[in-house]
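Residue-level structural notes
Listed here are the chains, written in short residue letters.
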Amino acid sequence: MRALALFAVVLFAATPDLAAQQVGDTSFHFQIGSPAYAPGTGPTVLIDEAHHNSHTASGRYRPFAELLRHDGYIVQASASRFSRAALENADILVISNALAEENVDDWSLPTCSAFEPDEIAAVRDWVVEGGVLFLIADHMPMPGAAEELAAAFGLLFADGFVFKSDSTSTIVFRRSDESLTDHPITRGRSPEEQVDSVVTFTGQGFRWERPVEPLMVLGSNTVLLLPEVAWEFSERTPRISASGMLQGAVLRYGRGRVAVFGEAAMFTAQQAGPQGSSMGMNAPEAAQNPQFTLNVMHWLSGLLDE
């Protein structure tokens with residue numbers, strides 16, 4: 001019965017076709033108190049659209065792109081494979097929910113890498129030399145698609161789903177219980193930018209094998225499910241405790257910076273399912289997600305430090 005309950009809670013996103021019912025909420029707007037840069041003068045942000053990404057600058061990540069533009073960033077879509085030449089004019093590379101062609105319409109194991117080895121090497125070398133990476137990989141199959149890229153930075157993605165023990169998929173990270181850590185990102189540039197809670201909407205959990213700065217720590221009431229087919233759960237589905245795993249972290253790598261998150265909707269505003277439910281920055285319970293998004297970008301840009 002528990003497996004059936006899990007399925008019912010998130011039915012609207014159960015298949016690639018149903019997931020397409022999630023669309024960017026173009027009515028969403030967040031009032032930025034103090035933009036980081038004058039309009040069009042900030043760092044250049046490339047949003048990857050070359051790897052069958054379900055979140056693009058003109059699609060489900062349009063609210064994310066518009067939020068950044070209102071903060072002064074120059075936001076561009078990128079339809080090029082990763083190479084030194086493709087990245088040379090970028091300051092920040094955003095990769096959200098990339099997929100291999102083999103898994104675009106088939107969310108079952110095996111999950112193939114979305115990136116060729118030479119692309120992973122190009123991104124790693126670019127970061128070593130001072131580039132900035134914002135890597136986001138949601139629930140299965142997205143973590144599997146980004147697993148090899150994440151591993152290049154010492155991160156271990158889990159190609160599954162994180163749920164709370166009561167089978168709900170929305171997780172609130174709070175400063176008050178230290179699941180949301182005290183960090184320059186959560187403190188912001190001023191008291192008005194301090195973030196005390198962040199909400200995610202179904203994702204993965206990841207571990208690490210090199211020093212990272214945790215931001216969002218999964219609690220003892222979370223579990224990681226590892227199905228063979230996305231959204232198909234049963235009593236035989238492998239499951240382990242997700243306690244202590246992360247859904248958000250940052251790290252320094254060479255001369256560059258990396259931010260990694262295991263959930264994508266938290267950084268945009270979407271209307272999901274047949275009823276057009278709010279999912280992401282537009283959800284009432286996620287009122288501080290937009291400021292958190294800006295604070296992550298400010299840390300990546302070097303505006304926030306100890």
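Definitions and cut-offs
Residues numbered from 1 in each chain as written. Predicted model: local features only at pLDDT ≥ 70, side-chain atom pairs only at ≥ 80, totals over all residues. Heavy atoms only, no water. Helix = DSSP H or I, 4+ residues; strand = E, 2+ residues; numbered from the N terminus. Expected span 1.5 Å × (residues − 1). Buried < 20%, exposed > 50% of the residue type's maximum accessible area, 1.4 Å probe, protein only. Arc of directions from axis to C-beta. Contact = heavy atoms within 4.5 Å. Pairing = 2+ DSSP bridges. Axes fitted to C-alpha atoms, helices over the stretch in contact; angles between N-to-C directions.

**Digging into helix 5 (residues 117-128)**
Taking 1.5 Å per residue, 12 residues should reach 16 Å; helix 5 reaches 16 Å between its end C-alpha atoms and fits that length. Residues of helix 5 that are buried: Glu 119, Ile 120, Ala 122, Val 123, Trp 126 and Val 127. One face of helix 5 carries all of its buried residues, which in axial projection span an arc of 160°. On its buried face, helix 5 sits against helix 4 (84-87), strand 4 (92-96), strand 5 (132-136), helix 6 (142-151), strand 14 (246-253) and strand 15 (256-261). The positive-phi residue at the C-terminal boundary of helix 5 is Gly 130, with phi of around 120°.

**Description of the side chain of Glu 193**
When you line up the elements, Glu 193 lands in the loop between helix 7 (184-187) and strand 9 (197-201). Leave out the neighbours within four places in its chain, and Glu 193 touches Ser 34, Thr 186, Arg 187, Gly 188, Gln 291, Asn 295 and His 298.

**Observations concerning the sheet that holds strand 13 (residues 239-241)**
Pairing is antiparallel across the open sheet formed by 3 strands, whose spatial order is 7-12-13. Both edges of this open sheet fall to strand 7 (161-164) and strand 13, since each of them pairs with a single strand only. Recorded for the sheet is a direction-independent mean angle of 30° between the axes of neighbouring strands. In the sheet, strand 12 (residues 222-225) pairs with strand 13 via 3 bridges, with the strands oriented antiparallel. Directly across from Val 223, in strand 13, lies its bridge partner Ser 241.

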